[in-house]
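Summary of the model geometry
The chain contents come next:
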Amino acid sequence: MKYLVMVQGSQADYDAQAGKGSADSPAWDEKAMQEMFAYMGSINDDLAESGELVTAYGLTEPAQGRAVSLDAEGRPVVSDGPYSETKELLAGFWILECESLERVTEIAARVARCPQPAGAPEYPVVIRTIGGGID
């Protein structure tokens, strides 16, 4: 079975990782960033070694994205990020092929333990089963 494992974040979190903290997210220093990257790298290495990793990506900050919707007449309405109406967005993801939901839950719990500065917001790691699609 394939699963999508997602981590969330906000523009404030990306700003904090760039050293610009706020009341919602304390600034990360270089050591904290290195610890986070090393921790996530070890997860990726282990998943690649076990054969469970299909792919994984971190996403750029919301300020570099766009939201596209339609107005009442069906015309596109484009909003450049960050999006004030949305607090948390997808920050990164893994597509994993695991033998059970229990196994992917173990992996998500490991992801949730990623080191971060004291006071940084904690988001759930979200698991979704991937249905039919194009391979």
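Coordinates for the structure precede this section.
Let us look at the structure shown here. If you're wondering where the values come from, they're calculated on a predicted model, not measured in any experiment. (Residues numbered from 1 in each chain as written. Predicted model: local features only at pLDDT ≥ 70, side-chain atom pairs only at ≥ 80, totals over all residues. Heavy atoms only, no water.)

Within the protein, the regular secondary structure consists of 3 helices and 6 strands. For the protein, the sequential pattern of α-helices and β-strands runs β-α-α-β-β-β-β-α-β. Buried residues in the protein amount to 27% of all 135 residues. Sequence-distant contacts in the protein: of pairs separated by 6 or more residues, those separated by 24 or more amount to 71%. Accessible surface computed for the protein: about 8,700 Å², of which carbon and sulfur atoms make up 52%. Distance from the positive charge centre (10 side chains) to the negative charge centre (22 side chains) of the protein: 2 Å. (Helix = DSSP H or I, 4+ residues; strand = E, 2+ residues; numbered from the N terminus. Buried < 20%, exposed > 50% of the residue type's maximum accessible area, 1.4 Å probe, protein only. Contact = heavy atoms within 4.5 Å. Areas by Shrake-Rupley, 256 points an atom, 1.4 Å probe, with all protein chains shown as cover. Lys, Arg positive; Asp, Glu negative; His and termini not counted. Charge placed at Lys NZ, Arg CZ, Asp CG, Glu CD.)

Take the side chain of Ser-10 next. Summarising the element assignment, Ser-10 is placed in the loop between strand E1 (2–9) and helix H1 (11–17). With relative accessibility at 12%, the residue Ser-10 sits in the buried group. Those residues in contact with Ser-10, other than ones at most four positions away along the chain, are Pro-62, Lys-87 and Tyr-123.

Relative to strand E4 (residues 76–80), strand E3 (residues 66–70) is paired through 5 bridges, and the arrangement is antiparallel. Bridge pairing links Ser-69 to Val-77 in E4. (Pairing = 2+ DSSP bridges.)

This model, assessed by the stated rule, comprises 1 aromatic pair. Ring geometry for Tyr-57 and Phe-93: centres 6.0 Å apart, planes at 45°, overall tilted. Note that Tyr-57 is positioned in strand E2 (residues 53–58) and Phe-93 in strand E5 (residues 89–97), a separation of 36 residues in sequence. Look at Tyr-57 and you get exposed, because its relative accessible area is 53%. (Phe/Tyr/Trp six-rings, centres within 6.5 Å; stacked < 30°, edge-to-face > 60°.)

Scanning all chains against the criterion turns up 0 disulfides. The thiol of Cys-98 is not disulfide-bonded; the next cysteine sulfur, from Cys-114, is found 19 Å away. Judged by relative accessible area, Cys-98 falls into the buried class, the value being 2%. (Disulfide = S-S within 2.5 Å.)

Here we come to the environment of Ala-109. Mapped onto the fold, Ala-109 is located in helix H3 (residues 101–112). Under the relative-accessibility criterion, Ala-109 is labelled partly exposed at 31%. Taking the C-alpha atoms as reference, Ala-109 lies 20 Å from Met-33; in sequence the two are 76 residues apart.

It is worth spelling out the sheet that holds strand E6 (residues 126–129) at this point. Here 4 strands make up an open sheet; going across it, the order is E2-E5-E1-E6 and the pairing antiparallel. Edge strands, defined here as strands with exactly one partner in the open sheet, are E2 and E6. Here the average twist between neighbouring strands, direction ignored, is 20°. Both E2 and E5 contribute to a ladder of 5 bridges, which runs antiparallel. Across the sheet, the residue bridging to Ala-56 is Trp-94, located in E5. Its contacts with the sheet place H3 against E1, E5 and E6, and it is angled at close to 20° to E1. (Axes fitted to C-alpha atoms, helices over the stretch in contact; angles between N-to-C directions.)

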